[in-house]
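Secondary and tertiary structure notes
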Amino acid sequence: MKILTTICARGGSKGIPGKNIKKINNKPLIGYSIEFTEKLKEKFDIKVALSTDDEAIKRTAESFGVFTDYVRPDYLATDSAGKMETIKDLLLYEESLVKDKYDFILDLDVTSPLRNLEDIEKALDLMIANPEAKNLFSVNHAVRNPYFNMVEENSNGFYSLVKTNPDGSFMTRQSAPKVYDLNASFYWYRRSFFDSDPKSAITDKSLIFAMDHICFDLDHSVDFLFMEYLLINNKLDFQL
């Protein structure tokens, strides 16, 4: 089973400037995902592939042992560029080098590094057990629930629940249907997923892997500070 592990890191972040190589607990953020691939290599036959348009990111990746001649095309280095086409372009490049196709693609998101090997292994087992599944993405149990405590504006300017139950409102969060937050940490794809031109990781045949530990994406500066606090003070509820 041949696995391509992709790490996509575009330059020019606006929310947290330079976040992909910004140091967190004295290590560049991208270093956490690259070092994690060393654990993966002990279990799987993987190739680690980097997609970036930024020389500083490329040099930082090289300092952690990941080298590449691939350069992300300009049209995939914009704010509006989609992640699916970015991964596909990298996949086709890597397959052109080995003149063969990979069986699975594992995408590790640089900005959501709170994952462990057990997560990856169990998630892949779910994919293998369900051959109809196109892909799988990591999630956490959501704190808010659109059936219970999330509202949106109606056409008349008033507010009501985002989702309603035909049989009446749910009186407790526990009785409402389970919902999940995408935490963007990792995504498994079957190679056939990229035979078309998918625009989203959410398909009609997607699976989830619900993490039982803390995991979140770095979108804002406060997220970065919070994650750094957890790392520096050994406050994570699991082992990286």
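Residues numbered from 1 in each chain as written. Predicted model: local features only at pLDDT ≥ 70, side-chain atom pairs only at ≥ 80, totals over all residues. Heavy atoms only, no water.

Notes on the environment of S192
Here S192 shows up in the loop between strand 9 (180-190) and strand 10 (206-210). Linking S192 and A9, residues 183 residues apart in sequence, is a C-alpha distance of 24 Å. (Helix = DSSP H or I, 4+ residues; strand = E, 2+ residues; numbered from the N terminus.)

Quick look at the pairing of strand 1 (residues 2-8)
With six of its seven residues buried, strand 1 lies for the most part within the structure. Relative to strand 4 (residues 45-51), strand 1 runs parallel, the two sharing seven bridges. When the sheet's bridge partners are listed, T6 is paired in strand 4 with A49. Examined bridge by bridge, strand 1 and strand 5 (residues 104-109) share six bridges and lie parallel to one another. Bridge pairing links T6 to D107 in strand 5. (Buried < 20%, exposed > 50% of the residue type's maximum accessible area, 1.4 Å probe, protein only. Pairing = 2+ DSSP bridges.)

Here's the deal with the pattern of salt bridges
Considering all chains together, one arrives at 13 salt bridges under this definition. Residue K27 pairs with E35 through a salt bridge whose shortest N-O separation is 2.6 Å. Judged by its relative accessible area of 36%, E35 is partly exposed. Across the pair K134 and D204 runs a salt bridge, and its minimum N-O distance is 3.0 Å. Pair noted here: K134 is in the loop between helix 4 (117-129) and strand 6 (135-141) and D204 is in the loop between strand 9 and strand 10, with a separation of 70 residues, a long-range link. By relative accessible area, D204 is classed as exposed at 65%. (Salt bridge = Lys/Arg side-chain N within 4 Å of Asp/Glu carboxyl O.)

Focus: helix 2 (residues 55-63)
Looking only at helix 2, the buried set comprises I57, K58, T60 and A61. Axial view of helix 2: buried residues confined to an arc of 165°, hence all on one face. Among the exposed residues of helix 2, those pointing more than 90 degrees away from its buried face are E55, R59 and S63. In the core, the buried residues of helix 2 are packed alongside strand 3 (27-28), helix 1 (29-41) and strand 4. Put simply, D54 is the residue that caps the front of helix 2, since its side-chain oxygen is 2.9 Å from the backbone nitrogen of A56. A positive phi of about 95° marks G65, the residue just after helix 2. (Arc of directions from axis to C-beta. Contact = heavy atoms within 4.5 Å. Polar contact = N/O pair within 3.5 Å; in protein donor to acceptor, adjacent residues only side chain to side chain.)

Quick word on the packing of aromatic side chains
Tallied over the full model, the rule gives 10 aromatic pairs. Ring geometry for Y189 and F193: centres 4.8 Å apart, planes at 50°, overall tilted. What makes Y189 buried here is its relative accessible area of 0%. What links up through ring pairs into an aromatic cluster is the set F137, Y187, Y189, F193 and F194. Residue placement shows K27 over the ring face of Y32; its charged tip is 4.4 Å from the ring centre. Note that R115 overlies the ring of F36, its terminal NZ or CZ placed 5.7 Å from the centroid. (Phe/Tyr/Trp six-rings, centres within 6.5 Å; stacked < 30°, edge-to-face > 60°. Lys NZ or Arg CZ within 6 Å of the ring centre and 35° of its normal.)

Side note on unusual backbone geometry
One non-glycine residue, K99, lies in the positive phi region at around 55°. Tracing the backbone shows K99 in the loop between helix 3 (83-98) and strand 5.

Describing the state of the cysteines
In a disulfide, the sulfur atoms of two cysteines are held together by a covalent bond. With the rule as written, the count across this model stands at zero disulfides. Distance from the sulfur of C8, which forms no disulfide, to the nearest cysteine sulfur (C215) is 17 Å. (Disulfide = S-S within 2.5 Å.)

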